[in-house]
Structure formats: C-alpha cells, structure tokens
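Results of the structural survey
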Amino acid sequence: MKKMKKFLAVVLTLGLLASAAACSSPSGESSAAPSSGGASQASSAPSSGGQKTADFKAAMVTDTGGVNDQSFNQSSWEGLQSLQKETGAKVRYLESKQASDYATNLDKLADDENNLIWGIGYAMAGAIGNAAKQNPDLQYAIVDNGYDPKTMPSNVAGVMFRAQEPSFLVGYIAGRVTKTNKVGFVGGQTSAIIDQFQYGYQAGVDWAAKELNKKISVSVQYAESFSDSAKGKAIASKMFSDGCDIVFHAAGGVGVGVIQAAKEANKYAIGVDRDQAYLAPKNVLTSAMKLAGRAVEMVSKDAMDGKKVGGKTYEFGLKEKAVGLPENNPNLPKEVYDDAIKLQQKIIDNEIVPPYNKDTYGKFKA
Amino acid sequence: MQISEKYAVQMRGIVKTFGSLRALDHVDLDVRKGTIHALLGENGAGKSTLMNILYGLYQADGGEIYRNGKRVRIKGPNDAIRLGIGMVHQHFMLVENFTVAENVILGREVTNSLGVLDMKRAREDVRRIVEKYGFQVDLDAKIEDISVGMQQRVEILKALYRGVDVLILDEPTAVLTPQETNDLIGIMRNLAAGGKTIILITHKLKEIKQSSDACTIIRRGKLIDTVNPQTVDEETLAAKMVGHPVRLVVEKTPAQPKDAVFEIDRLSVRDKRGLPAVKDLSLKIHRGEIFGIAGVDGNGQNELVEAITCLTRAESGTIKINGEEIQNTTPQNVIRHKISTIPSDRQRHGLVLDFSCEQNTILEKYRSSPFSRRGVLQNGKIAAYAEKLIRDYDVRPSTCALQPARGLSGGNQQKLIIAREISNEPDLLIAVQPTRGLDVGAIEYVHKMLVHERDAGKAVLLISLELDEVLSVSDTVAVLYGGSILGTFRQDQADEKTIGLLMAGGKQHAVNG
Amino acid sequence: MRLTAKILKKPITSALIAIVCGFLVAAVVLAAAGYNPWQAFGALFSGMFARPKYVSNVLIKAAPIILTGLSVAFAYKTSLFNIGAEGQYIVSAIVVTLLGIRLNLPAPLLIPVLLAAGMLAGGIWGGLVGLLKAKYGIHEVITSIMLNWIAFYLSNYIVNLPAFHQPDSTGTYPIRESGYIMLLPNWKRSPQGMAALSRIPWLREVMMRTDVNFGILIAVFMAVLVGFVLYRTAKGFELRAVGFNRDAAQFAGIDVGRSLLGSMLISGALSGLAGCVAIMGAAPHNISTLAAFENNGFNGLSVAFIAGGSPVGCIFAGLLFGGFLYGGQTVQADVGAPSEIINIMMGTIVFFMALSKLISTLADRLAKGSALHAE
C-alpha cells in the first residue's frame, strides 16, 4: 500500500517535473500588474525603489494546504514572486505538511536572516506569535488574522481583508440574475472570516431585492470543512433541487464540489478567492476575488521601505484593489456588471458599508 | 549408448543447480520406444527434476535432449506436448463440475465450421481412446463424483487425447488403493503394447518389479545404474537407491498389549465444507500396542486427527484418554493430557521452519519451567535441552541447534519432531504419515522409534496411506473407508488382498480382531 | 567473491544499498529538473545537521514515526500487516487532546494518565482489528483501512465541537501545560534557567528554540523493550511462532486467536504512544482539522520496512525518515527544488528495500559463480 503510494509519488512527480521543465518561464503572471495604491495606513508610501532593496529578504510559510493550493497560499507566493521581479528582493517559501511544522518552519526562516516572515492563514496565528517573541528583531506578518496584542508582540502585523465587500457585490449580482428568487451560500468552517463572506453576500442580495422590489431568499449552509468537496457537491445539489439557481461558496476545496454541482445541474455558482471561471466556464457566474498576493506584496514593500509594519492590522478592501470582481465575466449581463461597478465605487467612497457579521448585518438591514 | 531412432527419449549430460544445490549432475537417460521405464530414487534424488526438464517446466543448465534420435529444445510444456511428451502430476488439474469428457477435451475443443463446439465428435474421439486402451471410465460422470483413481485416468486420457506418445507419470500410485494400482499397471501395459512409451517416477520397488521393462536409478542427482528389474531383486534395487544395504522388514517382537488407554466412541466429524467426514467411528488402543489405520487419502484421516487434537469440532461422540474426555477442548488441553502428535505435514504443522532447531524443540513447552521464568526465556536451559535432544535422536548436522529448521533435510526435520513429541513422554503417540517423503534409512529409523515407544508401554496410533507400512508396523490394523472403520484385524490375520478390498469400500469379510 | 556474497546477504547491506540508490535516483531527477544535486543534498544535510537545534528537531520529528514504525514491525512479526497505525495514532491524539484539555491535574499525575489513555485508545483501535481477525477471520488490512477513515472523520468531528474548538482557528485548544513532556519547560523560561543556559550557547539554542522532549528517549526505550519482548520472552516466542507458521503454532497448543488479538493490542498501543508523544511533546499541542492523513502512521510502514522489521533498526530508519522530512524542507527553501524530490528519494529507498530479495538472489548468484569457478 505504502509502497504503491510511494511509487505513485515517484511516477507522478516525474511527470510533474517534466511538465514544469517544459514551461521555463516563472509563474506569477496573475499579479504582475504594478500596484498603484498602498495599504490604507500606508497609502502615502512611495512606490518601490528603496535603498535596501537588494539585500531585503522576505519568506513565507504555507499552511497545510501547500503552495499549489489554487488559493491563498498560491496567491501569496505569487505576490512574493512579483515582489522579487519588481524590486530584486530575495524571496522563498517553506511548505507545512502538518500543523506541527509551523513552528519549525518559521524557526528555520528566522535562521536565514529574513527581514520579513509571512505566515499564511489564521491557523498559524499561535505559531507566528511565538516565533515573533523569540525573534524580536525580525518582522512578521500573518494573512487572514488580525494583530492581537494579547498573544502577539509588536513585531507582528495582521493582514485582513474586507471580504464582505466583494461578497456584497456578488450578492448583488446574484440578486439581479436569479430567476427563481432563491439563492444559496455554502460556507466552510464557521469563523469570523467566513462570516464576512456570508453577511456581505446576504446584504448584497438584499440590496438587489430592494432595487427590484421583490423578495429573494438566501439559504445558508456550512460544510464544516475546507476540503471535503463531496460534501460541497451534496449541499449544493440539494440547494439547486430546492429551487436555488445561484450558489456562492466560501469554502476552499469544498467549493470545487459546489461548482461541479452547478455544472451538473446547469445552474450558476459564484467562485471565491480567485477567478474560478476556469473550473466551469459556462456555470461560474462571477467570483468574489480576495487577492492575498496583492496584500502580501504591498505589506512587504512597506517593510522593505524601512517602515515598521508590526503592531497593527492592515485592512484590505476594494479601495486597495486587493479584493474585487474579475474583469471578464462572460456569463454576466453587461448592465448587471456595470451596476455592480457603480456599487463598488459607492463602497470605496464609504457610501455603503457592507456588514461583516451578524450584528452589523442586523444594523445594515435596519 | 548411441543416439538412435529406437529410443523415444534420450537425455545426455543433464545438469541442473538450484542455488548452491546441484540437483542433477550429468545424468543420462535412454528410454526405448514402447516400453515402461521406471525412474527410481529417494525423495530429492532428482528424478522429478529430470522429468520436469523433459516436460519443459525447468530449463537444464547443461546437457542435451533427443527425441526419436533428433536433438530437440524444450522451452516449456507447449514444446513438450508438440513433441508428443505428456506428464501427469501428483496433483490433478481437473475442473470439478465438468464431466470426464469435457475435462479431456478442455483446451483442445473440436469445433465445426461455424466455430461451435462439436461435442459429439469430440466425445467420439475420446471414446475411441478409452476403448483402445481398456480404460473403464464413465465419460459423462462429473469429476467431483468419481474416485481419485478414476480422476487419474482422466489425466492420462487428457494427455493421450493431445496425441502424446511419451507419457510421464509422477508417483502415480501414491493416491491409489492396491487394486487401483493393479488396474493402473494394466492400463500402462496396454499403452505400451499400443506403442506408447511410459516413464514412471516412483520409489516403490514392488511396482517396478510388477510393471517395468527397465529401471534407471538416481541418487543425489547422479545416475547410478540402469537395470532390468525383472532380473534384479528388491533388496538390490533398494541398496542402489540408498547407497548401502537396507533391511526392508520391520523387526519387532509380538505385542504385549495391556489396559486400554485411549478410546473413541461413536465419533462423528464434519469436514470444512460441512459434509460428514468421520461417521460413528469407535476404536480402542491399549498400552503396548501399535494401532494402524489403513485407507486411501480423503477417507476421513485428516478430520479424525483434527478431532483428536481439537483443531476441529467433534459433532458427536466421545474421545477419552485415561478415562477423561477431551473432545472439543483445546490443543493445549490435548497436549496436557499426554497425547503427542507427529503430524502428516511436518512443514506446515510440525515445525516453524524459520525458527531455529533449538526453538522448535520447545514449541510446546516454552511457557513452562525451566524454559521460561516469569515470562522470560531461559536461553541456557533451552540450549542444553535442545543439545540433548539433537544428540539423543541423532539429528544431523549435530551443529544445527541455532540454524533454522528449514535447512534440515526432510528426514532430520522428522527426527526433530519425533524427538520433541517423544520427549513429552506421552501416553498416546499419534503418528500420521510419519515416513512421507523420507528416504529408506529414515523410514527404518522412524519405524524403529514407533516400536520402541510401544515397547516402552505407550499406545501408538499410526495413520498412513502406505498400506505396506501399516501392515508391517502395526499390531492391530483397521481400515478406514468413508469415515468409518470397515474392519479391524490382528497383524497376523491381515492379508493385503482383504484389506485392499476394504480400502476400496468392499464388503467386510473378516471377523473383528 | 564469497565475502562479497556474505556481505550482500546482511540486511543492513540491503538497507544501505537502497539508501544509496535512493540518492542516485533523486540526483538524476534533480539534474533532469535543472537543479544541482550536490547543492540539493548539501542543503538536505545542512538542514538536518547544520545547527544543534536542527538535530534536535530531527529527533523530535523522528520520535513518533519510530514508534509507529515499531508498531508496524511488531505486528509484522505476527504476520499481521498493521496498515491501521495511522488510525491508531489519530484516536490516541484525539483522546490525549480531549483529556489534556479537560483534566486539571498536576504534571506527575497528568502525564502518566495521558500516556496510558493514549496507549489504551490506540490499543483498542488496533485490538478491534485483531478481534475481528481472530474471531471472524476478516482481513486486517480491510478493517484497518476502514478504521483509519473512521478515526480521520472522528478527529475532524471532535475538532469542530464547540466545547473544544478554539475560535478562529482550525484546531482545538492546546492541552494543559502540565501535560507537556518537554524537557524542563518551566525552568528553561525562568530567569535562573535563562541564566544557566546563556553560558552554553548550543544547549540554549536547543532548549529555547525547539520543543526538546522525552519523545526520543521513550521511542528508544520502547524499541529496546519491544526487541526484548519479541526475542527474550515467552510471549514474544509465541507471537513469532504464530507469525512464522500459524498452523504449526496452533498444532503446538498456542492459542492463535489470542496471540493475534494481543499482537494488535500491543501494536495499536505503540501507535497510540506515538500520538501521545506528538501531542504532548511538541507545538501546537492540539489536533486540528485534517484535510488529508498526516502520514504519521503510514510513514511507520516505510520505517518498519526500511528497518527490515527489526525493532532497533526502526530507531535508525525513523531517524533517517525524520531527518529527510525535516531536512527536505530546506532543499525546497535553499535550492527551490520541490519537496516532492525528497518523497521520490524516500519512495526509491522503500522501493529498493522491496527489491532486497533481488540483492540476496544476486548474492546467491555470486556464491554459485565462485563455487563453479572453484571446481
């Protein structure tokens, strides 16, 4: 059994390597566009070109998803690669196979005299806090987790996304496009992060319903997993057969099953984190993108320019162009997209503040 | 001898090695057309290897093979069959729920122009062969319903149907009753008379005397001699086979049976498929008596032994040793009640081949003092004990204590088991096929040990498929057929003919002894 | 020639040959993918040995897989293929975590309780397999695989129970600090400890930067103990007899069913102990949602295999494995080569161990060849 597994690993990896060797250009094209704005707290920062660029070293530790997770690990690494391309900074990553690898991997990167060390994903919050305590002279940052003064020293920066903003937009789109007046939401594990998606989405649907002056119901269900795609498929299939015609997911690998269910039922799914249209070109309506790479790149540049990044939480939203909608949405009516872009401007201008949890949602409705 | 067309098969300078063992060392063989040629040798002498080379199952490391005077290369059984050479192994390869005719034509189906099986024509072809050579088989009987002897004929038929001229029979009589053996020899004669050539692999001297025109003797991979068995006596053949003079009779004084120590009363046992295998069997064995059970394989021997040793449940009836019932308890309990068993399959049941000889000697008593103390093995005590057994029972090589039992020859493996079982000082010693696969010298030793135990006042139960063995060693002979004892005789009243008939299920003529 | 043959037949030789072959194949793959093999291997070894704390981390990583390796090796001596080590590890980790969170006991009580509970949990999980095998003859591989998945989903279920789930994380709360088995965890953070350690830089690094724990000592002790039980006790004799020849063992009066059950109980307890060491010995001291098996048990299969089933061999095979797992990540970071290369290397080593029969056949050939020449 194990033998076979190992053997398979050999064969598969040989294949992978062959294909990797075939395309010689480095990846990272998705975030190749130069960043125009900085983070909210650092928007006045000059663009790249600080003095210490050449010897600046940044590194990241992935969570157990690995660097090719099609999600925020991959996106973060693309962000670092883009940083390297633009500024010549040295970047590297370490993959974690188990939760117990977080601490040792962070420690290893500390030895390599990296100036800034990233932990990708809130699962690493504890490990980042401990590593930062041991290495007070290094800077740390964590994606998807706020800075918590109780558990983290001041050399840690939190990076959060206002995921409710793109979720609001896709919710609005769903509300405009639905014919059955029923839409669905599939969440991964209950947590504050996923709350942002859920309530932002619900608020967006409500907005559209008010515009159209009708009632649209949202059914919400959690898979309590980020990896069980079969469960995602089962939940979404049930939603489609109950009359939903659009389902939005914020559930990592579970979402692959959601999109598959949409394909089989010939209904719409809305992707998350990246433009997921490639998973089912005819059945992905749009995606609520959360560009971790952009955030990683921007915060890294701040650090590179000699700023102290720790001790606070960076927030990224539509304004920073770290979240948003894909530019091409072949399945989306032009006028709906245009209206969504108008809403986007209102959010950027603070005219609309999408809710991010139950309380704010309640207030938003009122 | 010249290479000539007169010979169906000639082999020259055949060499074959397995690992470091030289199985065949420049062996020659010349088999005249239309004769029955016996190949005599002890187990492991190389006779089966030689024939497996002729049949293409092994490739020789050196030497040449000639068929009808022409050099041939045989790379596999298909080549052999194409050259008209067929082989019938000890283990039959028949489809149980097919008829005899279907089995014979299997793989050589005759089809009509539409590709449909032409059973009628095929059956006709088979019938012609059956009649020509005097096989008495029912072509429409299913294999599962016919006797082992019949199944063997089907195997021979299969070979003939494929147009074989040279037929190799590997120990064909091992599974047969004396009557069936006589019938087989009749068929072999008919075949030879009809121009077929037969090579008979055997270690049974009597059969060779009865059937063969020539006899080639092989010992330890070397060609010893080729003789005319009609002009040479059995003792000479045996001496050539073993390499030294042997006595073929078991020497013993008349039995002096004392009180009955072991008793089976109306025992019934089912086999693994749930069919009755032992039916209502009763017997009684006394101290100082060797009780022999004769019978053809598959008549309940295994189930009887398994029931006594509590490896199988007894359906009904009692088994008593020294008056205590032991049926349906555990193997440990049986051993505790002073029953020791020399199993029929010494490699499967008798020894842990990967354990050292030393470890094998304590297989049944490793838990008790002095071999273990507070759960820890006492290596010194074990070594001393094993040393003594190996010396007393002459297990060779004498330095084998720490070597795996796998490395011992069959005879020495058997000695090791006998040493272990006898040293348990049992009240009843059960020996199942104790000489299977052993050479003549080892057989002599085993028989002597059984008699020795009897003389020491133990009860001995001997179960063997070799009728000669049962007749020559036992004081009391019983015949097992279909799970029941058909007759019990005192040794001096047991004649081979009556017993042979009973072994085939014939009516009982004798009086219970 | 004969000497060569003799050397080739030693089990350690085939292990070494397999390791060398593993490196060769990995070198070819690295070169083919455009990486410098020497640089990669350099990174691998410097990742394992360059600093005292790396060595310490290798030991920490190795301890659980030595134990699962022992578990597999032990069962294998009874001819049972314990592919269920993974599941036994997981249930132990679950039980240790739950009790470690809930039981408010001082260290001298909590540590033994957790160790016993983890071993018991693993033992029951393994014993279940043994029981089904002994009573109903159900093949252990099938039941083990099923139980692996049951453990897997059970773990994910427990992780998400509100009572144990740490909010905004993927895992449970960590166990109480009194359940930690690190070396002097409190002393080393105290002023006296810091002061004492500051005088010895390497020790300070090891103590402060890694979760130095008793796991490796436990693993080595268990390897020796398992070796003793197997080869020097009546119970071990019995288990090995059953392993080599079940029929003969039964014939000789050994209760085969009880032996199979006992073997799986012990084997499961060893895997369970691995779970204890992992949770109690190193951060993050909790269980978290599993997306896939963490392979602690499956790696034990490879370890037992490389060790050729020898308990003491498991120590070295486990260290090798732990070293590659830990050092392999440096290859990725320094050379940029994917860590899959390390998996290829481990796969090749296991593969060549499977071919070790071939090597001893080769040895036979050699011996025969020289014998023929001698004639």
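Being a predicted model, the structure only gives us computed values, none of them experimental.

Now for the overall build of chain B. Tallying secondary structure elements over chain B gives 17 helices and 22 strands in all. For chain B, whose C-alpha radius of gyration is 25 Å, the value lies close to the compact-globule estimate of 24 Å for 513 residues. Considering only C-alpha atoms, chain B reaches an extent of 75 × 50 × 45 Å along its principal axes. Taking all 513 residues of chain B together, 47% fall into the buried category.

With that settled, the discussion passes to the pairing of strand β3 (residues 36-40) of chain B. All names here are of chain B. In terms of burial, β3 is largely enclosed, as five of its five residues are buried. In β3, alternate side chains face the same way, and those of Ile36, Ala38 and Leu40 on one face and His37 and Leu39 on the other are all buried. As paired strands, β3 and strand β9 (residues 214-219) are joined by four bridges and run parallel to one another. Across the sheet, the residue bridging to Leu39 is Thr216, located in β9.

Turning our eyes to something else, we now look at the interface of chain B and chain C. If you look at the interface, chain B gives 25 residues, while chain C gives 18 residues. Taken together, the elements giving at least two residues each to the side of chain B that touches chain C come down to α10 (331-336), α11 (346-350) and β18 (376-377) of chain B.

Counting residues at the interface gives 39 residues for chain C and 38 residues for chain A. Put simply, the parts of the chain that give the side of chain C that touches chain A at least two residues each are α2 (11-32), α14 (296-306), α15 (311-335) and α16 (340-354) of chain C. Among the elements that make up the side of chain C that touches chain A, the one with the highest residue count is α16(C) (nine residues). Looking at the side of chain C that touches chain A residue by residue, the class counts come to 18 nonpolar, 16 polar and five charged.

All names here are of chain B. The linkage connecting Arg396 with the following residue, Pro397, adopts the cis geometry, with an omega of 0°. One can find Pro397 in the loop between α13 (379-392) and α14 (410-422). In this structure, Asp394 is a non-glycine residue whose phi angle is positive, near 55°. On the secondary structure map, Asp394 appears in the loop between α13 and α14.

Before going further, it helps to spend a moment on the domain arrangement of chain C. All names here are of chain C. Structurally, chain C comprises domain 1 (1-35 + 338-375) and domain 2 (53-336). Between the C-alpha centres of domain 1 and domain 2 there is a distance of 30 Å. Counting from both sides, the interface comprises 12 residues of domain 1 and, opposite them, 11 residues of domain 2. Contributing elements (two or more residues each) for the side of domain 1 that touches domain 2: α2 and α16. For the side of domain 1 that touches domain 2, the element with the highest residue contribution is α16, accounting for seven residues. In the side of domain 1 that touches domain 2, the residues fall into 11 nonpolar, one polar and no charged.

Next up on the list: the sheet that holds strand β16 (residues 339-342) of chain B. Residue and element names in this part refer to chain B. One open sheet accounts for six strands, arranged β16-β19-β20-β13-β21-β22; its pairing is mixed. Two strands bound the open sheet, and with one partner strand each, they are β16 and β22 (484-490). On average, adjacent strands in this sheet sit at an angle of 20° to one another, irrespective of strand direction. Pairing analysis gives five bridges linking strand β13 (residues 289-294) to strand β20 (residues 459-463), with the strands arranged parallel. Across the sheet, Ile290 pairs through a bridge with Val460, a residue of β20. Strands in contact with α14 are β16 and β19 (428-432); relative to β16, the strand with the most contacts, it is inclined by about 175°. On the sheet, helix α15 (residues 440-455) packs against β13, β19 and β20 and is oriented at approximately 150° with respect to β20.

Conventions used here
Residues numbered from 1 in each chain as written. Chains lettered and ligands numbered in written order. Predicted model: local features only at pLDDT ≥ 70, side-chain atom pairs only at ≥ 80, totals over all residues. Helix = DSSP H or I, 4+ residues; strand = E, 2+ residues; numbered from the N terminus. Rg over C-alpha atoms; globule rule 2.2 N^0.38 Å. Buried ≥ 20, exposed ≤ 12 C-beta atoms within 10 Å, placed from the backbone. Pairing = 2+ DSSP bridges. Contact = placed C-beta atoms within 7 Å. Nonpolar A, V, L, I, M, F, W, Y, C, P; charged D, E, K, R; others polar. Domains from an automatic or database assignment. Axes fitted to C-alpha atoms, helices over the stretch in contact; angles between N-to-C directions.

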